[in-house]
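Coordinate analysis (summary)
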Amino acid sequence: MKLLHIDSSVLGEASASRELSAAIVKALTGAMPGVDVIRRDLDADPIPHLDSRLLAAVRPEIAVASATRAADEKGAAALEEFLGADIVVIGAPMYNFTIASQLKAWLDRIIIAGKTFGYTEAGAKGLAGGKKVIIASSRGGLYAPGTPQAANDCQETYLRTILGFIGIEDIEIVRAEGLAYGPEQREAAMRAALASVSSVVAGLVPAKAA
């Protein structure tokens with residue numbers, strides 16, 4: 001069993017999503033002794049954003065001059081880590097209504113035709129099904145379904161869409177929001193989110209043990 005732990009927040013120790021993702025991983029490793037944890041911190045060791053040179057490395061069928069080709073070792077490693085993982089925990093804060101650009105750069109390396117999705121006569125088909133993804137989501141405002149600002153959520157909705165595109169349907173979200181509404185709201189939101197971790201993990205472990 002392999003667990004891939006991704007963090008994308010730029011806030012370091014002050015990050016709510018990092019605190020949540022760490023709690024999730026701790027609960028998972030406690031419930032599943034022997035699980036192999038692979039850590040990727042996209043702030044401490046970012047993956048470069050795609051440009052014309054890196055795109056040629058990701059998609060070698062693109063005809064470009066040899067001088068413009070650049071090796072994309074980090075991107076290739078990120079894809080192999082993802083393909084080999086059974087469980088993926090993603091620390092994903094909301095920045096300007098969407099995900100961190102560091103996380104987008106990682107997604108651009110794993111959403112690869114022929115690897116995680118393919119095209120058929122019927123359209124696109126996901127090839128990465130069977131994985132379990134837990135998203136540690138943090139937001140300053142309130143964007144959950146049913147709230148007045150729900151339509152502005154281009155963070156969790158995007159992650160569900162892009163992961164669903166590659167065939168991943170088993171997605172859980174541990175959410176702390178309203179964190180910018182003051183210390184009491186932040187404390188209450190984090191307490192509730194951390195309390196939900198045990199139930200998320202409890203629902204996962206029997207499915208993997210069966």
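In what follows, the structure referred to is the one given above.
What counts and what doesn't
All residue numbers here refer to positions counted from 1 along the written sequence of the relevant chain. With the structure being a predicted model, the display of local features is reserved for residues of pLDDT at least 70 and the display and counting of side-chain atom pairs for 80 or more, all residues being used for whole-chain, interface and lining totals. Excluding hydrogens and water, the side-chain values take into account all heavy atoms of the structure. Numbering of helices and strands runs from the N terminus; a helix is a DSSP stretch of H or I covering at least four residues, while a strand is a stretch of E covering at least two. A 1.4 Å probe and the Shrake-Rupley method give the accessible areas. Residues count as covered only by the protein chains that appear here. When charges are counted, Lys and Arg are positive and Asp and Glu negative, with His and the chain ends excluded. Note that the charge is assigned to NZ on lysines, CZ on arginines, CG on aspartates and CD on glutamates. We define a nonpolar core as any set of buried Ala, Val, Leu, Ile, Met, Phe, Trp, Tyr and Cys residues linked to one another through side-chain atoms lying within 4.5 Å. Buried means the residue's accessible area, taken with a 1.4 Å probe over protein chains only, is under 20% of the maximum for its type, while exposed means over 50%, and partly exposed covers the values in between. We call two residues in contact whenever any of their non-hydrogen atoms come within 4.5 Å of each other. Here, a strand pair is defined by DSSP locating no fewer than two bridges between the strands. Fitting a line to C-alpha atoms yields each axis, with helices limited to the stretch in contact; the angle taken between N-to-C directions then spans 0 to 180 degrees. Arc definition: directions from the helix axis to the C-beta atoms. Contacts described as polar in this section are N or O atom pairs within 3.5 Å, which, within protein, must combine one atom able to donate a hydrogen with one able to accept it, while residues neighboring in sequence count only if both atoms come from side chains. Salt bridge criterion: a side-chain nitrogen from Lys or Arg within 4 Å of a carboxyl oxygen from Asp or Glu.

1. Here's the deal with the overall build of the protein
From N to C terminus, the protein includes 6 helices and 7 strands. Projecting the C-alpha coordinates of the protein onto the three principal axes gives extents of approximately 55 × 40 × 35 Å. When the accessible surface of the protein is summed, it comes to about 10300 Å², and 55% of that surface belongs to carbon and sulfur atoms. Counting 21 positive and 24 negative side-chain charges, the protein places the centres of these two groups 2 Å from one another.

2. A look at the nonpolar core
Counting 29 residues, the largest nonpolar core has Phe82, Val88, Leu103 and Trp106 as the members making the most contacts within it. Elements with a contribution of two residues or more to this core: strand 1 (2-7), helix 3 (73-84), strand 3 (87-93), helix 4 (101-110), strand 6 (132-138), helix 5 (156-165) and strand 7 (170-176). No other element matches helix 4, which puts 4 residues into this core. Ignoring any residue separated from it by four or fewer positions in sequence, one finds Trp106 in contact with Leu4, Ile6, Arg40, Leu42, Ile47, Ala78, Phe82, Val88 and Ile90.

3. Some points on the sheet that holds strand 2 (residues 36-41)
Spatially, 5 strands are ordered 2-1-3-6-7 in an open sheet, and the strand pairing comes out parallel. The sheet is open, and its two edges are formed by strand 2 and strand 7, each paired on a single side. Averaged over all adjacent pairs, the angle separating strand axes in this sheet is 15°, with direction ignored. Pairing of strand 3 with strand 6, which is carried by 7 bridges, proceeds in the parallel orientation. Note that in strand 6 the partner of Gly91 across the bridge is Ala136.

4. Description of helix 5
Listing the buried residues of helix 5 in full gives Glu156, Leu159, Ile162 and Leu163. Down the axis, helix 5 shows its buried residues gathered within 135° of arc, on one side only. Lining the buried residues of helix 5 we find strand 3, helix 4, strand 6 and strand 7. Just downstream of helix 5 lies Gly167, where phi reads positive at about 100°.

5. Here's the deal with the side chain of Arg18
Looking at where Arg18 falls in the secondary structure, it is placed in helix 1 (residues 16-31). With a relative accessible area of 12%, Arg18 lands in the buried category. Only 2.8 Å separates the side chain of Arg18 from the side chain of Asp41, close enough to count as a polar contact. Apart from the residues lying within four places of it in its own chain, the contact partners of Arg18 are Asp7, Ser9, Gly12, Arg39, Asp41 and Asp43.

6. Comments concerning the pattern of salt bridges
Taken as a whole, this structure holds 13 salt bridges when the rule is applied. Note that Glu81 and Arg40 form a salt bridge whose closest N and O atoms lie 2.7 Å from each other. Placement of Glu81 in helix 3 and of Arg40 in strand 2 is noted, with a sequence separation of 41 residues between them. Across this residue pair, the class does not change: Glu81 and Arg40 are buried. Lys74 is paired through a salt bridge with Asp45; the nearest N and O atoms lie 2.7 Å apart. Taken together, the residues Lys74 in helix 3 and Asp45 in the loop between strand 2 and helix 2 (52-58) connect sequence positions 29 residues apart.

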